[in-house]
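Spelled out from the first residue to the last, the chains are:
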Amino acid sequence: MSTTEQNLPVKAFTRDFNFYYGSFHALKSINLPVIEKHVTALIGPSGCGKSTLLRSFNRMHDLYPGNRYQGEIVLNPDNTNILDTRVDPIEVRMRVGMVFQKPNPFPKSIYENVAYGLRVRGEKSRSMLDDKIEDALRGASLWNEVKDRLNQPATALSGGQQQRLCIARCLATDPELLLFDEPTSALDPIATANIEELVTQLRDRVTILIVTHNMQQAARVSHYTAYMYLGEVVEYGITDEVFLRPKKKETEDYITGRFG
Ligand SMILES: Nc1ncnc2c1ncn2[C@@H]1O[C@H](COP(=O)(O)OP(=O)(O)OP(=O)(O)O)[C@@H](O)[C@H]1O
């Protein structure tokens, strides 16, 4: 699938995707498109499988024995099933970046945090690194705040700045898809507003899949929303329609706060 029925470009999609933590069947027959250069939000009550699905998109579950994927997660334009065991998960993670709930900068300087992925890729030219690092920090709306202290430890930044640094670290390697796992849940309202603003800017540059508990946030930043419950996608559609005219009773109950 490279476009939807409505002719929208599909950056990635799952096909009959199931996931198991040992014998626990956490995700059931998920068929979900992620539309290119748009934001897709995953919402639903605690434990419904949002994070499990998000983490499957960069094969995070590979790191733990007993986890099992079934079905496909396909990345375009090359139509690669990233779950294929012949596909190197490190390559997948270069193409699919991830920003976690709590900012997790490396215990290195601001500069070295952003340089990290570029160095892994073999980039050695100092002027090339400088340019890419500035571009990534600008892309994460952090450049003006840190340009005079690039060699200071990243841990000296505020929580919101650290989260933007983690976004810059992802942007430096030009990911095609960015995964956000509740990126503002550890932040105050101002830092949250900054990250939301950033997400709305980034959606012109990169495809975004975001898990959020905050329905107002999903409504503000996303174009498409998937409502999940008990490991299944109950409803998927244009965010405004899912929020204003949900097709399923379960979705309506959740959106209106009658459940969850
Ligand atoms: N490592 C694990 N081993 C076994 N079961 C797990 C593991 N991680 C999550 N689960 C189970 O998988 C299901 C989905 O969990 P997941 O964290 O994806 O839900 P979620 O919708 O992201 O929840 P929350 O909003 O609370 O973060 C839950 O029933 C959870 O208990």
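Residues numbered from 1 in each chain as written. Predicted model: local features only at pLDDT ≥ 70, side-chain atom pairs only at ≥ 80, totals over all residues.

Participant: Please explain the sheet that holds strand β10 (residues 224-229) as it appears in this structure.
Facilitator: Read from one edge of the open sheet, six strands run β7-β8-β9-β4-β10-β11, paired in mixed fashion. Either end of the sheet is taken by a strand with one partner, and the two such strands are β7 (96-99) and β11 (232-238). Going from strand to strand, the sheet's axes swing by 20° on average, the running direction of each strand aside. (Pairing = 2+ DSSP bridges. Helix = DSSP H or I, 4+ residues; strand = E, 2+ residues; numbered from the N terminus. Axes fitted to C-alpha atoms, helices over the stretch in contact; angles between N-to-C directions.)

Participant: Help me understand the UniProt feature "domain: ABC transporter" (unreviewed entry) in the protein chain in this model?
Facilitator: Per the UniProt record, "domain: ABC transporter" (unreviewed entry) is annotated on residues 12-255. Helix and strand shares over residues 12-255 are 37% and 26% respectively, and the end C-alpha atoms of the span are 26 Å apart. (UniProt positions renumbered as here; feature names shortened; annotations may be inferred.)

Participant: Looking at this model, I keep getting lost on the site of the ligand. Mind explaining?
Facilitator: Taken together, Tyr21, Phe24, Ala26, Gly44, Ser46, Gly47, Cys48, Gly49, Lys50, Ser51, Thr52 and His213 make up the full set of residues near the ligand. Of all the elements, helix α1 (residues 50-56) adds the most residues to the shell around the ligand, at three residues. Split by residue class, the shell around the ligand holds four nonpolar, seven polar and one charged. (Near = placed C-beta within 6 Å. Nonpolar A, V, L, I, M, F, W, Y, C, P; charged D, E, K, R; others polar.)

Participant: Quick question: what am I supposed to make of the nonpolar core here?
Facilitator: Considering soluble globular proteins, one finds that nonpolar side chains tend to be buried as a cluster. In this structure, Ala168 and Ile210 are the most contacted members of the largest nonpolar core, which totals 68 residues. If you tally residues by element for this core, the top one is helix α6 (residues 159-171), at six residues. Leaving out residues up to four positions away in the same chain, Ala168 has contacts with Val114, Ala136, Leu137, Gly139, Ala140 and Leu142. (Core = buried A, V, L, I, M, F, W, Y, C linked by C-beta atoms within 7 Å. Buried ≥ 20, exposed ≤ 12 C-beta atoms within 10 Å, placed from the backbone. Contact = placed C-beta atoms within 7 Å.)

Participant: Would you mind showing me how to read helix α7 (residues 189-202) here?
Facilitator: Because the α-helix completes a turn every 3.6 residues, residues three or four places apart line up on one side. If you check α7, its first and last C-alpha atoms are 20 Å apart, about what 14 residues at 1.5 Å a residue would give, namely 20 Å. The complete set of buried residues in α7 reads Asn194, Ile195, Val199 and Leu202. The arc that holds the buried residues of α7, viewed along the axis, is 140°, so those residues lie on one side. Summarising the geometry of α7, the exposed residues directed more than 90 degrees from the buried face are Pro189, Ile190 and Gln201. Looking at the buried residues of α7, the elements they touch are β4 (39-43), α6, β8 (177-181), β9 (207-211) and α8 (215-221). (Expected span 1.5 Å × (residues − 1). Arc of directions from axis to C-beta.)

Participant: I keep staring at the pairing of strand β5 (residues 67-75) and nothing clicks. Help me out?
Facilitator: A regular strand carries its side chains on alternate faces of the sheet. Sheet topology note: the strand β1 (residues 10-21)/β5 ladder contains eight bridges and is antiparallel. Across the sheet, Phe13 pairs through a bridge with Val74, a residue of β5. Across two bridges, the pairing between β5 and strand β6 (residues 80-81) is antiparallel. Within the sheet, the bridge partner assigned to Leu75 lies in β6 and is Thr80. Linkage of β5 to β6, two consecutive antiparallel strands, is achieved through a turn of four residues, within which Asn79 is found at a positive phi near 60°.

Participant: Hey, could you run me through unusual backbone geometry in this one?
Facilitator: Backbone geometry follows two general trends: most residues other than glycine have a negative phi, and most peptide bonds adopt the trans configuration. With omega at 15°, the peptide bond leading from Asn76 into Pro77 counts as cis. When you line up the elements, Pro77 lands in the loop between β5 and β6. For Ser141, which is not glycine, the phi dihedral falls at a positive 55°. The topology assignment puts Ser141 in the loop between α4 (126-139) and α5 (143-146).

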